[in-house]
Amino acid sequence: MSRPAKIGEPEKIREPEKTREVDATEYHIDAERLKGFLTEISAFGKRPEGGVSRLGFSDADQKARAWLVSEMRATGLDVWVDAAGNIHGRRAGTEPGLPVILFGSHIDSVPEGGIFDGTLGSLGALEVLKTLSALGSETRHPLQMVVWADEEGVHFGQGLFGSRAATSGPIRGELDLTGSDGHSLSEWLERYGQRPSEIDSAVLNPRDVTAYFELHIEQGPKLDRQGVPIGIVEGIVGIYRFEATVEGFANHAGTTPMNERRDAMFSAARLTQAVREEVMAKPGRQVGNVGLLKAFPGAPNVIPGRVQFPIELRDIDEAVVMEVLERIRGRAAVIGREDGTTIGITPFASERPAPTDTGLQEQIHRAARGLGLDTIRLPSGAGHDAQNVSRHGIPTGMIFVRSKDGVSHNPNEWTDWDDCARGVEVLYRAVTELDAR
Ligand SMILES: [Zn+2]
């Protein structure tokens, strides 16, 4: 059943004896009610052309939050908003002293975004809790849904605000940033009824949390292409950025013979090609990108004397990234020698990979198998609140469902309602089976 994964393709994990998929009428969750929730929330920030623009910290976001809070209260949850603007809703457990099982996502969107990104995990969490109430089921642990504030971070240029504030705390100076709408993050928090000076009170104690689950659309094409309904996320990839600086010699572009040029742009172009070749040189899911080039002095009639550009590498395994980087450095040395340039590559920003908990991966796998659903394990190439929670020392599990053609952050983002229901039923089972364990 195992074959080596091709480049860019996760290994498919199929059960040896495929069980019949459980009919949706046998689900605990109510697929129609879930569809109703997702449709209702899509009215906030709705665009006539389709999709939503519901930026974190905006009027549309505030109205959607008010609607959600009233739905959560109507479900009988104990609801509060923490100092970072994260919305929490708790349902009590039967055994005193057990730490909560936490699950949720976000409801803010990018400009001209889709209606499933974040909302599926948020309204899916509410659906799980509504289902338990409707069934009159008790759980040993308290169950708590969370809707993280400003996941997309459009106004302030920094995503994952709420989950960061609830884990490592905000970045220094972050609350004083003025957003693209002219208001500071502090002002918005006040508008949301919070005291920014008390932001530290939003930090979760890992000992108070048994586990965190996040259900999300994949936002990539792997599940859809392979016809698999459920993805088990192995972790959120690490993002490593390096600054490459090529030093050549600026000279007259008309009079300098071609064989005497020390052309920094030519070396940069060759190195850009080398980045792609070295990333693809071995099988795996690693990706690399050169997204911009800056040439100096930057004129049509001057041979570039210096070129700077970022090299971005991503993978779930830091060792893979470092190995690719070493090969890129080797290529850079050769290119520099051949072209008479010098090339330096220095790290300037990195975010470590955030692996999910292997026990919770198994929990999700069992839940999916119980429904007769195929799964694959895959890393998330996009950032999620789950990465902050995982790095905070809270065991984290993440469930993906299919995005049609992998399209997301786009009004055409689509996940079939059946797939939404499959994902929420897997979440329901993962949470309740973990609770019973
Ligand atoms: Zn999202």
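Just above sits the structure.
Residues numbered from 1 in each chain as written. Predicted model: local features only at pLDDT ≥ 70, side-chain atom pairs only at ≥ 80, totals over all residues.

Quick word on the overall build of the protein
Selection rule: Helix and strand definitions follow DSSP, with helices as H or I runs of at least four residues and strands as E runs of at least two, each counted in order from the N terminus. Taken over C-alpha atoms, the radius of gyration is set against a globule rule of 2.2 Å times the number of residues to the power 0.38. Here the contact rule is simple: place C-beta atoms from the backbone, and any two residues whose C-beta atoms are within 7 Å are in contact.
Per the secondary structure count, the protein includes 11 helices and 17 strands. On C-alpha atoms alone, the protein measures out to a radius of gyration of 24 Å, which is about the 22 Å that the 2.2 N^0.38 rule sets for 437 residues. Taking the principal axes of its C-alpha atoms as reference, the protein extends roughly 85 × 55 × 45 Å. Across the protein, every contact between residues at least 6 apart in sequence was considered, and the portion connecting residues at least 24 apart equals 78%.

Things to note about unusual backbone geometry
Rules: Counts of 20 or more other C-beta atoms within 10 Å of a residue's own C-beta define buried residues, counts of 12 or fewer define exposed ones, and intermediate counts define partly exposed ones; C-beta atoms are placed from the backbone.
That bond from F296 to P297 is cis: its omega, 0 degrees, falls within 30 degrees of zero. Considering the arrangement of structural elements, one finds P297 in the loop between β11 (294-296) and β12 (302-303). For F57, which is not glycine, the phi dihedral falls at a positive 60 degrees. With respect to the element layout, F57 can be found in the loop between α1 (31-41) and α2 (59-74). The exposure class assigned to F57 is buried, which follows from the 25 C-beta atoms found within 10 Å.

With respect to the nonpolar core
It is characteristic of soluble globular proteins that their nonpolar side chains tend to be buried jointly. Put simply, the rule reads: A set of buried residues qualifies as a nonpolar core if it consists of Ala, Val, Leu, Ile, Met, Phe, Trp, Tyr and Cys joined through C-beta atoms within 7 Å.
Core analysis: the largest hydrophobic core is formed by 87 residues, its most contacted members being L427 and V431. When residues of this core are assigned to their parent elements, the largest contribution, 9 residues, is made by helix α11 (residues 417-436). Among residues more than four places away in sequence, those in contact with L427 are F103, G124, V128, F213, L215 and I399. In terms of nonpolar packing, the next biggest core, distinct from the first, is built from 21 residues, A244, V279, I311 and V324 among them.

Here's the deal with the environment of G157
With respect to the element layout, G157 can be found in the loop between β5 (143-148) and α4 (161-165). Taking the C-alpha atoms as reference, G157 lies 20 Å from N289; in sequence the two are 132 residues apart.

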